[in-house]
Amino acid sequence: MGLVKRDQKKQSVDRVGERRKRIRDFVGLVKGLSDPDPTVRRWCARDLAVFSEASKHLVEQLKKEKDRSVKEVIVTTLIRIGNKEAVQGLIECLRSDDAHLRNASIEALKHLPHKVSPVMEQLLKDKDPDIRIFAINILESLKDERVEDWLIYVIENDPHINVCGTALDLLTEVGTEKALPSIAKVKERFNNPYINYVADIAVRRIRGAEENE
Amino acid sequence: MNNANINITKEDFLKFREYFYRKTGILFDESKRYFVDKRLAERIQKTGCKNFREYFIKLRFDKSGIEFERLVNAMTVNETYFFREEYQFQAMVNEILPEITKKKREGELIRIWSIPSSSGEEPYSIAIYLLEYWSDINNWDVEIVASDIDTNMLEKAKEGKFSQRSIQNIPPHLVKKYFTHNGNGQYQICKDLRDSVEFKRVNIVDPLQTKAFRNFDLIFCRNMLIYFDDVSRKIAAETLYDALSPGGFVLLGHAESMSRVTSIFKIRRFRKCIAYQK
């Protein structure tokens, strides 16, 4: 007993590897997504990353998947595939009643900025305020030069206080002096302590940055 | 422009701190203000930006992520040495291994993975700690696997030669016991310990390469995830999850947190550290 020497190892990485080599084709992997064993489902979801046509199957499984670890791997695979179908599927999941799935979809969409940007305006105009808030959550990670303009659009037009509050919160990070007039207007429009509070922080942060110039 | 001419206001600091925390999970409190300001000023100067504002916009909207990586490097001091973050080794022998062995049958192996192993200080520290401070070492077989993406580092680790600075935290009687002083300020770890660690190259974000890494009870993965982009971090975390046996643990660096990467692990609080359990 004690430390096992390299040449005596029972579970050398190479030997474990040999046992696991097997052919895994697209059809087999898609079938494996509904295997009763979550470990099998997780591995199939991971290996499907090389098949762009897998998005539809992954989204279908994601909507009904109960195991959190499998859900996370499916989401990561959808990010890695990152095609239009994957983005559309993740957007559909934003409307799910499952909070974990909604949050996982927001996180995933944040990783797909080029694919999300074209649909951002549509998301910011969605009739459901929760979807509009999720869209702002996604903006948080978007490296798109229109981020500030989108946030200004929201605080100038959105009727919902929580949507505007979320947008103001993000303006504390990305806002410039361009946003200052709209921030003043949103304060007037709502005349509400919460909005005043976040708006004042945003103004302070933007002016704090201006002091450097 | 000189660093001293770059002014970071309190609002700038708060703005940066929130952003950096959101991206890395590393939170700088007020006491770190001088450290943060100094490094920010360096990066502002090196990128040719005029002020914090210009730099922050460049950082925030840089699609390549290169500047963010440089900033992380500047904000995190990454130096490896023996017994680094020793409280985690203490948790390993005093709390984690006793919990692991409770669930194992007699004769079953305990497997530990050190990734990234860099020049070998971490896996050899694990080996020494087990031999010296784990009272149960004679009742169990332990396999240690160490991995890095850099083959030069792996070769260096296999050779097991270290500087005085690298071994300075090891008590002198253990240096005497496990190392040979080669002169030129170099110490070579004994053959017995070199033979006790299996070094294997792996790129943790490549599923084909990581498939063979299985059935570990404990993984040390310190100061690696902070250098990854968000997607790679997720892939790496999921790989660690699959490399663990059920109930196995991952230990991250003190500035790292799994909770910002994935929710698949159970957070376990031990007396001196946090571990992530499968």
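In this text, all values refer to a predicted model and were calculated from it rather than measured experimentally.

## Thoughts on the packing of helix α10 (residues 147–157) of chain A against helix α12 (residues 180–190) of chain A
When two helices pack together, you describe them by how their axes are tilted relative to each other and by the distance separating the axes.
All names here are of chain A.
Argument step 1. Closest axis-to-axis distance for the α10/α12 pair is 8 Å, and the angle between their directions is 25°. As far as their axial angle goes, α12 and α10 are roughly parallel. Two packed elements cross with a definite hand, and for α10 against α12 that hand is left-handed. Residues Ile-152, Ile-155 and Glu-156 of α10 lie in contact with α12, whose contacting residues are Ser-182, Ile-183, Lys-185 and Val-186.
Argument step 2. Its residues assigned to classes, the contact of α10 with α12 comprises 4 nonpolar, 1 polar and 2 charged.

## Focus on the interface of chain A and chain B
Argument step 1. Contact residues are listed per partner, giving 37 residues for chain A and 47 residues for chain B.
Argument step 2. Counting residues per element, the ones that place at least two in the side of chain A that touches chain B are β1 (2–3), α1 (13–20), α3 (38–47), α5 (68–81), α11 (161–174) and α13 (193–210) of chain A.
Argument step 3. Tallying contributions element by element places α5(A) first for the side of chain A that touches chain B, with 6 residues.
Argument step 4. Here the side of chain A that touches chain B is composed, by residue class, of 9 nonpolar, 10 polar and 18 charged.
Argument step 5. Where β1(A) lies against strand β2 (residues 141–148) of chain B, 2 bridges are found, and the strand directions are parallel. Among the inter-strand pairings, Gly2(A) is bridged to a residue of β2(B), identified as Asp141(B).

## Structural notes on helix α8 (residues 113–124) of chain A
An α-helical turn contains 3.6 residues, so a residue and the one three or four places further along point in the same direction.
All names here are of chain A.
Argument step 1. Burial in α8 covers these residues: Val-116, Met-120, Leu-123 and Leu-124. Buried residues in α8, looked at end-on, bunch into an arc of 85°, giving them a common side. Away from the buried face of α8 by more than 90 degrees, exposed residues His-114, Pro-118, Glu-121 and Gln-122 are located.
Argument step 2. Looking at the buried residues of α8, the elements they touch are α6 (84–93), α7 (99–110), α9 (129–139) and α10.

## Describing the domain arrangement of chain B
Interfaces are often sized by the amount of accessible area the parts lose when they come together.
Residues and elements named next belong to chain B.
Argument step 1. Taken domain by domain, chain B consists of domain 1 (3–75) and domain 2 (86–277).
Argument step 2. The straight-line distance from the C-alpha centre of domain 1 to that of domain 2 is 32 Å.
Argument step 3. The interface is formed by 6 residues belonging to domain 1 together with 7 residues belonging to domain 2.
Argument step 4. Of the residues contributing to the side of domain 1 that touches domain 2, the split by class is 2 nonpolar, 3 polar and 1 charged.

Cut-offs used in this document
Residues numbered from 1 in each chain as written. Chains lettered and ligands numbered in written order. Predicted model: local features only at pLDDT ≥ 70, side-chain atom pairs only at ≥ 80, totals over all residues. Axes fitted to C-alpha atoms, helices over the stretch in contact; angles between N-to-C directions. Helix = DSSP H or I, 4+ residues; strand = E, 2+ residues; numbered from the N terminus. Parallel < 35°, antiparallel > 145°, perpendicular 65-115°, else oblique. Left-handed = near helix turned anticlockwise from the far one by under 90°. Contact = placed C-beta atoms within 7 Å. Nonpolar A, V, L, I, M, F, W, Y, C, P; charged D, E, K, R; others polar. Pairing = 2+ DSSP bridges. Buried ≥ 20, exposed ≤ 12 C-beta atoms within 10 Å, placed from the backbone. Arc of directions from axis to C-beta. Domains from an automatic or database assignment.

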